[in-house]
Structure formats: C-alpha cells, structure tokens
Amino acid sequence: MNQALNVRDLSLYEPRPFRVYTNRQIREIPALQNLPEQLRFEIEVVANVLPFRVNEYVIESLIDWDRVPDDPLFRLVFPQREMLEPGAFERMAELMKSGADRKAINELAKELRADLNPHPAGQMELNVPTLGEDKVEGMQHKYRETVLFFPSQGQVCHSYCTFCFRWAQFVGDKELRFASNEADSLLEYLRTHQEVSDLLMTGGDPMVMKTHKLRPYLEGLLQPELAHVQTIRIGTKALTFWPHRFVSDPDADDLLRLFEQLVNTGKHVAIMAHYNHWREMDTPIAREAIRRLRDAGVEIRSQGPLLAGINDDPEVWARMWREQVRLGIIPYYMFVERDTGARRYFEVPLARAWEIYRGAMQNVSGLGRTARGPSMSCEPGKVEIQGVTEIHGEKVFVLRFIQGRNADWVQRPFFAKYNENATWLNHLEPALGEERFFFEDEFEQIKKERGVA
Ligand SMILES: *Cc1c(COP(=O)(O)O)cnc(C)c1O
C-alpha cells in the first residue's frame, strides 16, 4: 500500500493541463454519462443555486464512480438534490423544465441564495479593518495575532466544495466578495500593527495564483519593518484538488523556491491544508506534493469541517489523522460545519460531533491528537466543544474559546445546557442557573461600538 518515497516516479512531473467544468458544462462531463438522467438533472438544478466547479483530476483520480452517489469524494464536489430545501429545489426544477432563459434562472437563483445565510458570523460588518478613516478591502482582522488577507486573484478554487462556507463569493455576487488588489495596503496595515504575528492568505484559494502574482505579496513581508509578522499561512485545498500546483505546473518549482526563500529568511511558512477524508491523500501526485512542500521547509497543517455523509465517522478521522502524521502533516482543527449554504444537508449535532472527535482521538497516538475541536467559528470567536458531562445532576456541554474577539475570553471554560439537537452556538442556552453566557454583555458592547446592531 505505501509507496516507497525514495523512488521518484518521473511521470508525475509531466505537465497536466488544467481542465475544469462549471455549471454550464455539466453535460460534458464524461463520467456523468453513465448515471441516471434524473441524477444528472438534479445536479444541474442545485448547481444553478450553489457554486459548482470540478476539475478533471478530481473526476478521474479522486471520485470512486462505482460508489456514486454515496461516494464521499463525489459528495464533496457534486451537488445533491437534498442540498436545497424541497420547496426551493422544486421551484428551480420547474423553472428549468419550463425552458426558462438564463436571466430567469439567475433571478430565481439569487432569490433562493438569499435564504441561505450567505454571510455567517458577521464577516461583512464586524471584521473589516481600517487604515486611517478608510476600510481596507479584502482583509479581516478578528483575532489580535492574525490578519486574514483575500488577494483578488485568489478568489476561485481548483474545484468547489458543496459545503463551502464562502460559497456566496463564487456565485457571481460581487457585493458578497471580500477581495483585495492591494499588496500596498496590506503591507501598510501590517506595518502599523505590531501585534500581528500571523498573516493568513485565504480565498477562494490563493494557490490558484501564478507564482509571479503571489511573489509581491510574499516578498513584501521580508522588509525589516515587518519582522513581527513571523508566520505566513496559506489556506488551500490545492493539495487535494490540484496537487500538480506543487509538482508539475510550469511554475511549481518557482513557488517552492519562493517558499524556501521565505523560510531561509526566518519566516515560518505554513500551508493550512483543507482535508475532509483520507482518500484525498491517497494518490501518488498528492503524496509527491506533500513531500516537495516539506522538502522546501514548509509545514503543513490540516483542518476541515465535519460533514454528514462525507466524514461523520470516527474511523474516517482517525485514519486521516494517522495518515497525516505519517506523511508529516500536523492535524490542526476539526470544524463544525457553519450555518450557511447547504448546512441542513451536512450538519451534525454538536453532541454527535464531540463523540466523533473523541472516538477519533482515542484511536490515534499523541502525535495525532494535536487537532483541536470540534470548533465553531462564531461571531464572538472560535468555540470548542470540550465535552458533555453532568454537574450536580444537570447534563451540560463544556465549552471554551479557542479564539476570542476579546483575547481575555480565550481558554475560559463555560457551560451550556445539553441539547442533543443543537448544531450551532445560537441553539445553546446557559446552564447551571446562569441567565447569559459570560461574554455576551461585552460582545454586545463591542458590536455597539462598531455600529453593528
Ligand atoms: C480561525 C481564524 C483565524 C486563525 O485562528 P488560529 O486559532 O490562530 O488558527 C484568524 N482569523 C479568523 C477570522 C479565523 O476564523
């Protein structure tokens, strides 16, 4: 099963053209020709509302077509009927059957999307930083140490995940996009914020950018005034969707040399790899990409949400984490799927999420237990479910902030009444006779100060 890593397979280095299919080209996907017509139509209906994009590598090398539609890698990228509410699905299906034109379809799509909470956790209002009087486009600064940056050329992905929490950016609504063209304002902001130790480039997927587009942002961080920015993180799913980016793309070597240059000048470079299933790491090219990144001095940390129908099984997580440790990847976060998009399809009750996390933890060595979670990225911060227990006869969730809008909240345990159906923080109530969670008054104050109701 394990390929010996010291025997390099040179065929992996032959450039592969990037061929991608979007919602208008579903009928052209060869692998779909063998599926029932009804299933193909359902995919098209949902793909008119939620983002759809899949490339040939994912179709040919990741999906197990003998197991479709239950295959987890198929569900990762191909929409399913149940991802829309039945009423919404029917409306779109009827409209399409009536032979409506693009314009009518797009209008209905827009209406249906508005019901899917396109911007969870106050991202639009609460986290946008300012330089002087001006809002800085394409950035979020929520937690003191870490600035998120969304380069405008990085606002797509090599494929789209059906459960994406940033899906609203990919369906053509420009108002819903945070993106920046400006290396200058990023660097200026960082210069004036000495408390920032981490820059997290995210998207979309910054790894869709050509190396020469990425270079000005990253080399800019080498100036002496930015010595406080010690870590450069890049959030990406390219190790799954297009590992060729690090191996056989024409500028793959340039990219690795750029990372190496940053590492050699004392920066920590971390690829925050989005993984949902061990099968994503199971191809020779995926392994070669991991090997090459590590060889360049880059750390790879893994994170991803827990998803019904894809990875809601402790053994899938345990096997994924064991495999990551073996390949030199550090497990970092298990997220709770956010309250947006097709969340009804993917959501897992918090109580079950904790059981899955615990079940997985019990089956990995200490090196696999570096993953924190299950963690909810909420408005006040990242909240981890530490466990379920009983205190004086009352069944409770034990929670804590992993990250807080106010750093003082971090690592403080707090309690919520046990609720077996709750899937998000706003479904929980304080336990043990408390009226409010400890952070709520302060959080309201923060929102008032920012002029957000
Ligand atoms: C998760 C997250 C970060 C990074 O948090 P770490 O715990 O340092 O990984 C930064 N900003 C936002 C908005 C986040 O959601």
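The structure displayed is predicted, hence computed values, not measured ones. (Residues numbered from 1 in each chain as written. Predicted model: local features only at pLDDT ≥ 70, side-chain atom pairs only at ≥ 80, totals over all residues. Heavy atoms only, no water.)

What to know about the overall build of the chain
The condition that has to hold: Helix and strand definitions here come from DSSP, where helices need a minimum of 4 consecutive H or I residues and strands a minimum of 2 consecutive E residues; each element is numbered from the N-terminal end. Only C-alpha atoms enter the radius of gyration; for comparison, a globular chain is expected to reach 2.2 Å times N to the power 0.38, where N is the number of residues. In this scheme, a residue with accessible area under 20% of its type's maximum is buried, one over 50% is exposed, and one in between is partly exposed, where area comes from a 1.4 Å probe on protein chains only. Whether two residues touch is decided by their heavy atoms; if any such pair falls within 4.5 Å, the residues are in contact. For every accessible area listed, the method is Shrake-Rupley and the probe measures 1.4 Å; residues are considered covered only by the protein chains on display. Under this rule, positive means Lys or Arg and negative means Asp or Glu; His and the chain ends count for nothing. We put the charge of a Lys on NZ, of an Arg on CZ, of an Asp on CG and of a Glu on CD.
Each helix and strand counted, the chain has 15 helices and 15 strands in total. Rg of the C-alpha trace for the chain: 22 Å, near the compact-globule value of 22 Å for 453 residues, within the 12% margin. On the principal axes, the C-alpha backbone points of the chain span a range of 60 × 55 × 50 Å. Buried residues in the chain amount to 58% of all 453 residues. In the chain, the share of contacts with a sequence separation of at least 24, taken over all contacts with a separation of at least 6, comes to 72%. Roughly 19800 Å² of accessible area belongs to the chain as shown, and the carbon and sulfur atoms make up 46% of that amount. When the 57 positive and 67 negative side-chain charges of the chain are each reduced to one mean point, those points stand 2 Å apart.

Quick look at the sheet that holds strand β12 (residues 372-377)
Using the following cut-off: A pair of strands is considered paired only if DSSP assigns at least 2 bridges between the two. To get an axis, fit a line to the C-alpha atoms, keeping to the stretch in contact for a helix; angles then go from 0 to 180 degrees between the N-to-C directions.
One open sheet accounts for 11 strands, arranged β5-β6-β7-β8-β9-β10-β11-β12-β13-β14-β15; its pairing is mixed. Each of the sheet's edge strands pairs with one partner strand only, and the pair in question is β5 (139-143) and β15 (413-417). Adjacent strand axes in the sheet meet at a mean angle of 30°, parallel and antiparallel pairs treated alike. Strands in contact with helix α12 (residues 314-327) are β10 (299-306) and β11 (329-336); relative to β11, the strand with the most contacts, it is inclined by about 150°.

Considering the site of the ligand
Spelled out, the test is: Residues are classed as near a molecule or strand on a simple rule: at least one heavy atom within 4 Å of it. Each polar contact in these results corresponds to two N or O atoms within 3.5 Å; when the atoms are within protein, one needs to be able to donate a hydrogen and the other to accept it, and residues that are neighboring in sequence are counted only if both atoms are side-chain atoms. The residue classification treats Ala, Val, Leu, Ile, Met, Phe, Trp, Tyr, Cys and Pro as nonpolar and Asp, Glu, Lys and Arg as charged. All others, Gly included, are polar.
Taken together, Lys-142, Tyr-143, Thr-146, Leu-148, Arg-233, Tyr-332, Tyr-333, Arg-372, Lys-382 and Gln-403 make up the full set of residues adjacent to the ligand. Within the side chain of Tyr-333, an N or O atom sits 2.6 Å from an oxygen atom of the ligand. For the ligand, whose free accessible area comes to 390 Å², the fraction covered by protein is 88%. For the shell around the ligand, the elements supplying multiple residues, two or more each, are β5, β6 (146-149) and β11. Along the lines of polarity and charge, the residues of the shell around the ligand split into four nonpolar, two polar and four charged.

Re the pattern of salt bridges
Pairs can form between side chains of opposite charge once their charged atoms are near each other. The following threshold applies: Note on definitions: salt bridges are taken to be side-chain nitrogens of Lys or Arg within 4 Å of carboxyl oxygens of Asp or Glu.
The full count for this structure, using the stated rule, is 34 salt bridges. For Lys-237, the salt bridge identified is with Glu-280, shortest N-O distance 2.7 Å. Here Lys-237, found in the loop between β8 (231-236) and α9 (238-241), pairs with Glu-280, found in the loop between β9 (268-274) and α11 (284-295); they are 43 residues apart in sequence, far enough to count as distant. The salt bridge involving Arg-343 is made with Glu-347; its shortest N-O contact spans 2.7 Å.

Structural notes on the packing of α12 against helix α14 (residues 350-361)
To describe two helices that pack against each other, one gives the angle between their axes and the distance between the axes. Quick reminder of the rule: Working rule for angles: under 35 degrees goes down as roughly parallel, over 145 as roughly antiparallel, 65 to 115 as roughly perpendicular, anything else as oblique. Handedness of a crossing is defined here by the sense of rotation of the near helix relative to the far one, left-handed for an anticlockwise turn of less than a right angle and right-handed for a clockwise turn.
It is at 8 Å that the axes of α12 and α14 come closest, and there the two elements cross at 45°. Judged by the inter-axis angle, α12 sits oblique to α14. Crossing angle aside, the handedness with which α12 passes α14 is right-handed. Every residue of α14 that contacts α12 at Pro-314, Trp-317, Ala-318 and Trp-321 is listed here: Arg-352, Ile-356, Tyr-357, Gly-359, Ala-360 and Met-361.

These values are about where atoms sit, not about what they do.
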